[in-house]
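Single-letter residue listing:
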Amino acid sequence: MKQLTTTLFAAALSLAPASLLAEPAAPAAAEKKAEKKADFEVTVTCNDQMQFDKKAIEVPAGKVVKLTLKNVGKVPKIAMGHNFVLLKKGTDLTAWAMKAMTAKPTDYMPTAEADKKAIIAHTKLLGPGEEDSITFTIKEAGDYEYLCSFPGHFALMKGKITAK
Ligand SMILES: [Cu+2]
C-alpha cells in the first residue's frame, strides 16, 4: 500500500508540469469569449522594461472596443506580471493603484466595492508570452486613464484612452 501511495504521489508530481504548461491556453479561450463583434480593435504590448507600447489611445465613443494586451517580456509573472486596468473618469489613479498593489491574492485587483466600481474593464495578470482581450464600451466622450496594477508599475505603466 505504501508503495502504491508513493507511485500515486510520483504520478501527481509528473502531472504538475503539464498543468502549468496548459496555462497559456487560457487566454485563447478568453479571447474567444471577447470575440463578440467589436467595432474597433486595438492591441497593446507590455514588456520587461515596465512599459506599454502606447501611452495614448483614441477609441470611438459608444462603440464596442476590443483591446488585446500582449506581454512580450521574458521575466516570470511573479516578478514582472502585467495587466491593463481601465478606470472610470474621476478616479484617483495613484490612490487606486496603492490599494491594488496590496491585493496579491487577487492578482493585484482590489476587492473593496468602491475600488471595483472604479473599473471599466481589466485584463488578467499576464506572464511572459501571454495575452488577454477585453471588450468595453465608453459611452461618454472624454479621457480615461489606464494602468498596470502590478506593484510599482503604474509610475511608468499608465496612459490615457480618449473616447471621441
Ligand atoms: Cu506591469
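Note that the structure is a prediction, hence the values are computed from the model and not measured. (Residues numbered from 1 in each chain as written. Predicted model: local features only at pLDDT ≥ 70, side-chain atom pairs only at ≥ 80, totals over all residues.)

Participant: Provide a residue-level description of the sheet that holds strand E2 (residues 56-59), including the pertinent values.
Facilitator: As summarised here, the arrangement of the five strands in space is E2-E8-E7-E4-E5, forming an open sheet in which the pairing is mixed. Since the sheet does not close on itself, it has two edges, and those belong to E2 and strand E5 (119-122), each with one partner. On average, each strand axis in the sheet is tilted by 25° relative to the strand beside it, whichever way the strands run. Of the pairings in the sheet, the one linking E2 to strand E8 (residues 158-163) comprises four bridges and is parallel in character. The residue of E8 that forms the bridge with Ala 56 is Lys 160. Taken strand by strand, helix H4 (residues 93-100) contacts strand E4 (85-87), strand E7 (142-147) and E8, and its axis lies near 25° from that of E7. (Pairing = 2+ DSSP bridges. Helix = DSSP H or I, 4+ residues; strand = E, 2+ residues; numbered from the N terminus. Axes fitted to C-alpha atoms, helices over the stretch in contact; angles between N-to-C directions. Contact = placed C-beta atoms within 7 Å.)

Participant: Could you give me a rundown of H4, with the residues and numbers involved?
Facilitator: Inspection of H4 places Trp 96, Ala 97 and Ala 100 among the buried residues, and these make up the whole buried set. All buried residues of H4 lie within an arc of 100° about the axis, which places them on one face of the element. Along H4, exposed side chains directed more than 90 degrees from the buried face belong to Thr 94 and Ala 95. Elements that come into contact with the buried residues of H4 comprise E4, helix H5 (113-117) and E7. (Buried ≥ 20, exposed ≤ 12 C-beta atoms within 10 Å, placed from the backbone. Arc of directions from axis to C-beta.)

Participant: Outline the environment of Lys 70, listing residues and values.
Facilitator: Summarising the element assignment, Lys 70 is placed in strand E3 (residues 64-71). What makes Lys 70 buried here is the crowd of 20 C-beta atoms within 10 Å. When the C-alpha atoms of Lys 70 and Pro 128 are compared, they prove to be 8.6 Å apart, with 58 residues separating the residues in sequence.

Participant: Provide a residue-level description of the confidence of the model for the protein, including the pertinent values.
Facilitator: Residues with a pLDDT of 70 or more make up 78% of the protein, whose mean pLDDT is 87. Scored below 50 in pLDDT, residues 5-23 makes zero contacts in the model with residues more than four places away or belonging to other chains. (pLDDT = per-residue confidence, 0-100.)

Participant: With reference to specific residues and values, describe the sheet that holds strand E6 (residues 131-137).
Facilitator: Taken together, the three strands give an open sheet; going across it, the order is E1-E3-E6, and neighbouring strands pair in mixed fashion. The sheet is open, and its two borders are formed by strand E1 (40-46) and E6, each paired with just one other strand. Geometrically, the sheet is characterised by an average inter-axis angle of 20° between neighbouring strands, direction not taken into account. Here E3 runs beside E6; their pairing, made up of seven bridges, is antiparallel. By the bridge assignment for E6, Lys 66 is matched with Thr 135.

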